[in-house]
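Structural overview for review
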Amino acid sequence: MKAAFLRWAAAALLTVQLPACNFSASVETLLSPPRLTAEQEQIYQALQASAGNSISLKYPKHGEHLSAFTVVDLDGDGLDEAIVFYNVSLNTDAENPLRLCMLKQQNGEWKAGKDYPAAGAEIERVDVSASAGSPYTNLIISYSQVDGGGYTAEVFLCENGELVRPLKVPYSAMSLRDLDGDGKTELLTVTAAKLPNPAQATVYSLSSYARDAAVQLPETMTDITRLVFGELPRKDGRGTVPAIYADGASGATNAQTAVMTYTDGVLATVYTDSADHIPNTLRPAGCRTLDIDSDGEPEIPVQAVFYGYTAGTDGPQGLPMTNWYVCRNGLLMRECASYYAVSDGYIFLMPPRWERRVTAVQENEEIVFYEFDRSTQNEDGTPVLKAPLLRLCSVSDPVAANAMQLDGYLLLRQQNGSYYLGKRESGAPDALALAENELVTAMRYP
């Protein structure tokens, strides 16, 4: 492979001249906070007049509201309130330096009110959501704790000129979403298992600020890594129902998935792994639930060995093949097979006509798909390979990527500094050969 790379690089140097880049900006410039607007500057000066000059603004990490200033009409009186996040200098470590203050406009000027200690060390995100049947707007602030100690969400509203907190909940993963399609936004939290408490999913109302529903999840879910939303067919076949897919860590290196629905105020588990369920969703960490075919219904990845190899034997095990399953009546139904390159960031969906006729092996840095002889095996238990059909790889070097294209590879995508390439082998039998458009549409980049 090294010799091949040198040939690619030499060819590319003859044909490609890379543009020069000017990195004149200093690190301080790149890391400096955004310049304040005129309104934000007025708010900041009013805050300093109240809290002092030794404060520093704090910014949310994620979401739509990435400013230290959230300006919104919280109490429905037609005038905006300003919520500002900042750190204060303290003489003791016993008190949280992260604060928030609400400022209001009086006679055209901003005035600072009370400050409130934050419920965490860092601001993860800030959301605003209308409260159904009420003039108030909810302010939802999510925090991370020190040293990976979990997350906390606080819901605030403004009453009589002050912030009131009707709800404060811990979570491992959370979402603000209309879970049942009734036009009202709910707060969904999922907490990981931590002795003596099992994993749990909970739905809270943003009108009554009460717990609407809760359900326990497998005690093996020691972390919640991802929430995915989609649709499930109803049991009677008449339409679909909204569904929640929770990907959770199971130990240090594995993942699993639970499927839930929330209808008529009831949160219910549709699928969780059990001894009665074959296959189950236990798989290596990083394999995520995805709507792999973009039909609105997410698929759950389940791993097996590639065709031609025998699982659980002492012989070579081959590459893992990822099958994608949908949930039907509490069971998993297989839809398609793929090669899931978790570390390289791509998925190749195998065409149905390759079923039980094509396997995959790793050759240096490439994944190569071969037709194999289904009637026999090699002495070591590996399949007898026949014609190569397809080569896939990803590289980060633009020179190598260009050289590979000169060698017959097709550039499938350039993303986040990676070049995804594939080469259809010319000797493939007609029944198994891929058209160029098939290769392009079979690739996914989660």
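These lines cover the structure that appears in this document, whether it is placed above or below. Please read these numbers as outputs of a predicted model, since none were measured by experiment.

A few words on the sheet that holds strand 24 (residues 366–377). Within the open sheet, the five strands sit side by side as 23-24-25-27-26. Their pairing is antiparallel. Of all the strands in the sheet, the pair left with one neighbour each is strand 23 (358–363) and strand 26 (410–415). Here the average twist between neighbouring strands, direction ignored, is 25°. Strands strand 24, strand 25 (383–395), strand 26 and strand 27 (418–424) of the sheet are contacted by helix 4 (residues 398–406), whose axis makes an angle of about 15° with strand 27.

Right, let's talk about the pairing of strand 15 (residues 240–250) for a bit. In regular strands, side chains alternate between the two faces of the sheet. Within strand 15, nine of the 11 residues are buried, which leaves the element mostly enclosed by the surrounding structure. Sheet analysis places strand 14 (residues 223–233) next to strand 15, joined by 10 bridges and oriented antiparallel. Bridge pairing in strand 15 links Ile224 to Gly248. The antiparallel pairing of strand 14 with strand 15 creates a hairpin that spans six residues between the two strands, and Gly237 there sits at a positive phi of about 80°. Bridge count between strand 15 and strand 16 (residues 254–263): eight bridges; the pairing is antiparallel. Within strand 16, the residue paired with Tyr245 across the bridge is Val259. Connecting strand 15 to the antiparallel partner strand 16 that follows it, the hairpin turn spans three residues, and Gly251 within it adopts a positive phi of roughly 80°.

Moving on, we come to the environment of Glu335. Summarising the element assignment, Glu335 is placed in strand 21 (residues 331–341). Counting along the chain gives 186 residues from Glu335 to Gly149, while the straight-line C-alpha distance between them is 38 Å. Other than its neighbours up to four places away in sequence, Glu335 contacts Asp293, Glu299, Trp324 and Val326.

Our focus in this paragraph is the nonpolar core. As a rule of thumb, soluble globular proteins bury nonpolar side chains together. Among the nonpolar cores identified, the biggest contains 32 residues, and Phe306, Tyr346, Phe348, Trp354, Phe369 and Leu392 are the most heavily contacted of them. Counting residues per element, the ones that place at least two in this core are strand 21, strand 22 (346–349), strand 23, strand 24, strand 25 and helix 5 (436–442). For Phe348, the residues in contact, after removing those within four places along its chain, are Ala337, Ser338, Tyr339, Trp354, Phe369, Leu390, Leu392, Leu434, Leu439, Ala442 and Met443. Ranked by size, the runner-up nonpolar core spans 21 residues in total, among them Leu179, Ala201, Leu227 and Met260.

A few words on the environment of Ala214. Structurally, Ala214 can be placed in strand 13 (residues 211–216). Along the chain, Ala214 and Gly265 lie 51 residues apart, while their C-alpha atoms are 9.9 Å from each other. Apart from residues no more than four positions distant in its own chain, Ala214 is found in contact with Gln200, Ala201, Thr202 and Leu267.

With that settled, the discussion passes to helix 3 (residues 38–51). Its 14 residues give helix 3 an end-to-end C-alpha distance of 20 Å, which sits within 8% of 20 Å, the value for a rise of 1.5 Å per residue. Looking at helix 3, one finds that the buried residues are Gln40, Ile43, Tyr44, Ala46 and Leu47. Down the axis of helix 3, the sector holding all buried residues measures 165°, keeping them to one side. What points out from helix 3, more than 90 degrees from its buried face, is the exposed set Ala38 and Ala49. Here the buried face of helix 3 lies against strand 1 (55–57), strand 2 (69–72), strand 3 (81–88), strand 4 (98–106) and strand 5 (109–117). Note on helix 3: the residue one or two positions beyond its end, Gly52, has a positive phi of about 100°.

Take the packing of aromatic side chains next. Summed over all chains, the structure comprises nine aromatic pairs. With a centroid separation of 5.4 Å and an interplanar angle of 20°, the aromatic rings of Tyr151 and Tyr171 are classed as stacked. In this pair, Tyr151 sits in strand 8 (residues 151–159) while Tyr171 sits in strand 9 (residues 162–171), placing the two residues 20 residues apart along the sequence. A relative accessible area of 33% means that Tyr151 is categorised as partly exposed. Among the aromatic residues, those joined into a cluster by ring pairs are Phe306, Phe348, Trp354 and Phe369.

On the basis of which strands lie adjacent, the open sheet formed by four strands has the order 10-11-12-13 and antiparallel pairing. Two strands in the sheet have a free side with no partner beyond their single neighbour: strand 10 (173–177) and strand 13. Along the sheet, successive strands turn relative to each other by an average axial angle of 15°, direction set aside. In the sheet, strand 12 (residues 200–205) pairs with strand 13 via five bridges, with the strands oriented antiparallel. Paired with Val203 across the strands is Ala213, a residue of strand 13.

Scanning the model with the defined rule gives 19 salt bridges in all. A salt bridge links Arg99 to Asp115; the nearest nitrogen and oxygen atoms lie 2.8 Å apart. In this pair, Arg99 is assigned in strand 4 and Asp115 in strand 5, connecting sequence segments 16 residues apart. Residue classification places Arg99 among the buried residues on the basis of a relative accessible area of 9%. A salt bridge links Glu436 to Arg424, with the shortest nitrogen-to-oxygen separation between them at 3.9 Å. Pair noted here: Glu436 is in helix 5 and Arg424 is in strand 27, with a separation of 12 residues, a long-range link. You can call Arg424 partly exposed: its relative accessible area is 38%.

Conventions adopted
Residues numbered from 1 in each chain as written. Predicted model: local features only at pLDDT ≥ 70, side-chain atom pairs only at ≥ 80, totals over all residues. Heavy atoms only, no water. Pairing = 2+ DSSP bridges. Helix = DSSP H or I, 4+ residues; strand = E, 2+ residues; numbered from the N terminus. Axes fitted to C-alpha atoms, helices over the stretch in contact; angles between N-to-C directions. Contact = heavy atoms within 4.5 Å. Buried < 20%, exposed > 50% of the residue type's maximum accessible area, 1.4 Å probe, protein only. Core = buried A, V, L, I, M, F, W, Y, C linked by side-chain atoms within 4.5 Å. Expected span 1.5 Å × (residues − 1). Arc of directions from axis to C-beta. Phe/Tyr/Trp six-rings, centres within 6.5 Å; stacked < 30°, edge-to-face > 60°. Salt bridge = Lys/Arg side-chain N within 4 Å of Asp/Glu carboxyl O.

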